[in-house]
Amino acid sequence: YIQDATDNETSISEQDLIAMFRNTGGNGGGHFDSSSTKQLENKTFDEDRSYFLDLFASAALASDSITVQAADGKAGILTRSNGNKFLVDTNGHEFTQAVEKGLMGATFFYQIASVYLSDDKIGDAVNNTDLESGKNYTAMEHHMDEAFGYVGAPVDFKSNYNGTGTVRYWGKYSNSHDGLIGCNDNLMDAFKTARAAITAKEMEVKEEQIALINAEMEKIIAASAIHYINDAIGQSNDGDRLHVLSEAYYFLKALKYASFEHRKISATQVDSLLNTFGINMWQVNTTDLNQVKSTLSSTYDLDSVKDQL
């Protein structure tokens, strides 16, 4: 919606964005082709719901400058070398990336790592004996399936995937890094083994695989942040640079939502890296980018491929 408004040079409605976030009327206030009772807002990390609402208000305000050239301290439009345009705030953050990558972290990854793979959903006390009414799965099995659903990968996902299933969101980024870090098979094997272990009532195996899933998801996110940092270093075109800096920033922020039990980096450490990165995209420098890149690569054992990502 934000990108369409940018392309068409039309204003953005804060209320329309809120309607999509809350899935008003079951169809996003008329913006969705399908109908559902689900919504994004109540699946988003509690403390960040107000952040997204503020972001929508900021996007609507910035759209008053939908034809204005952006600059440091001034919201408006930036143009990439390929001719594509995007809307940024006063600090150069691209709204489209703040929403897409932001929700991939605060909603999708949060639900995977800190909700559905938590003890509350798949711990030993969760029902794994009786089938859900009218279904062929237990509550624990179903919760494991829901965790997988947030990845955005088809059920036949594997290394160097080129099948017919749609690969979106985290599945898309896993696939893009698979050639360097072999993440597709690692992630899928852990999901399938954990699911089979639940059915077989092998709880120790389940816990081992949950740890592997969380580790692989974090590595995929870190690799994605490093990839866009690499893209940003040396860029001379403001549009190209701030586009990839926005992607890098919100991928980095996604690590805040890692598993409370299994995480390799704390939320405080992520905040420290975000502070090193800096809130003003116009003033991010190569030294700071390399520092963030080095910390991520050493934390997630990516030193051997950090310059190729």
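Residues numbered from 1 in each chain as written. Predicted model: local features only at pLDDT ≥ 70, side-chain atom pairs only at ≥ 80, totals over all residues. Heavy atoms only, no water.

Visitor: What is the right way to look at the packing of aromatic side chains in this model?
Guide: Two measures describe an aromatic ring pair: the distance that separates the ring centres and the angle between the ring planes. The final tally for this structure, using the stated rule, is 16 aromatic pairs. Here the aromatic rings of Phe-21 and Phe-56 are separated by 5.4 Å at their centres, their planes lie at 80°, and the arrangement is edge-to-face. Of the two residues, Phe-21 sits in helix H2 (residues 14-22) while Phe-56 sits in helix H3 (residues 49-62), which places them 35 residues apart along the sequence. There is no split in this pair, since Phe-21 and Phe-56 are both buried. Arranged with centres 6.0 Å apart and planes meeting at 50°, the rings of Phe-108 and Tyr-150 form a pair that is tilted. Pair noted here: Phe-108 is in helix H4 (residues 95-116) and Tyr-150 is in the loop between helix H6 (139-149) and helix H7 (169-181), with a separation of 42 residues, a long-range link. (Phe/Tyr/Trp six-rings, centres within 6.5 Å; stacked < 30°, edge-to-face > 60°. Helix = DSSP H or I, 4+ residues; strand = E, 2+ residues; numbered from the N terminus. Buried < 20%, exposed > 50% of the residue type's maximum accessible area, 1.4 Å probe, protein only.)

Visitor: Got a minute to help me understand the pairing of strand E1 (residues 76-79) in this structure?
Guide: In the case of a regular strand, side chains alternate between the two sheet surfaces. In this sheet, strand E2 (residues 85-88) lies alongside E1 in antiparallel orientation, the contact comprising four bridges. Residue pairing for E2: Leu-78 is matched across the bridge by Phe-86. Counting the residues that bridge the hairpin from E1 to E2 gives five residues, and of these Gly-83 lies at a positive phi of roughly 95°. (Pairing = 2+ DSSP bridges.)

Visitor: What should I look at first to understand the environment of Asn-214 in this one?
Guide: Structurally, Asn-214 is set in helix H9 (residues 203-232). With a relative accessible area of 1%, Asn-214 lands in the buried category. Separated by 105 residues in sequence, Asn-214 and Phe-109 place their C-alpha atoms 9.7 Å apart. When near neighbours in sequence (up to four residues on either side) are disregarded, Asn-214 contacts Ala-113, Leu-117, Ser-259 and His-262. A distance of 3.0 Å separates the side chain of Asn-214 from the backbone oxygen of Ile-210, its partner in a polar contact. (Contact = heavy atoms within 4.5 Å. Polar contact = N/O pair within 3.5 Å; in protein donor to acceptor, adjacent residues only side chain to side chain.)

Visitor: Is there a simple way to explain H6 in this structure?
Guide: Because each turn of an α-helix spans 3.6 residues, side chains separated by three or four positions in sequence point in the same direction. Ala-139, Met-140, Glu-141, His-143, Met-144, Ala-147 and Phe-148 are the residues of H6 that are buried. Here the buried face of H6 lies against H4, helix H5 (119-122), helix H8 (183-199) and H9.

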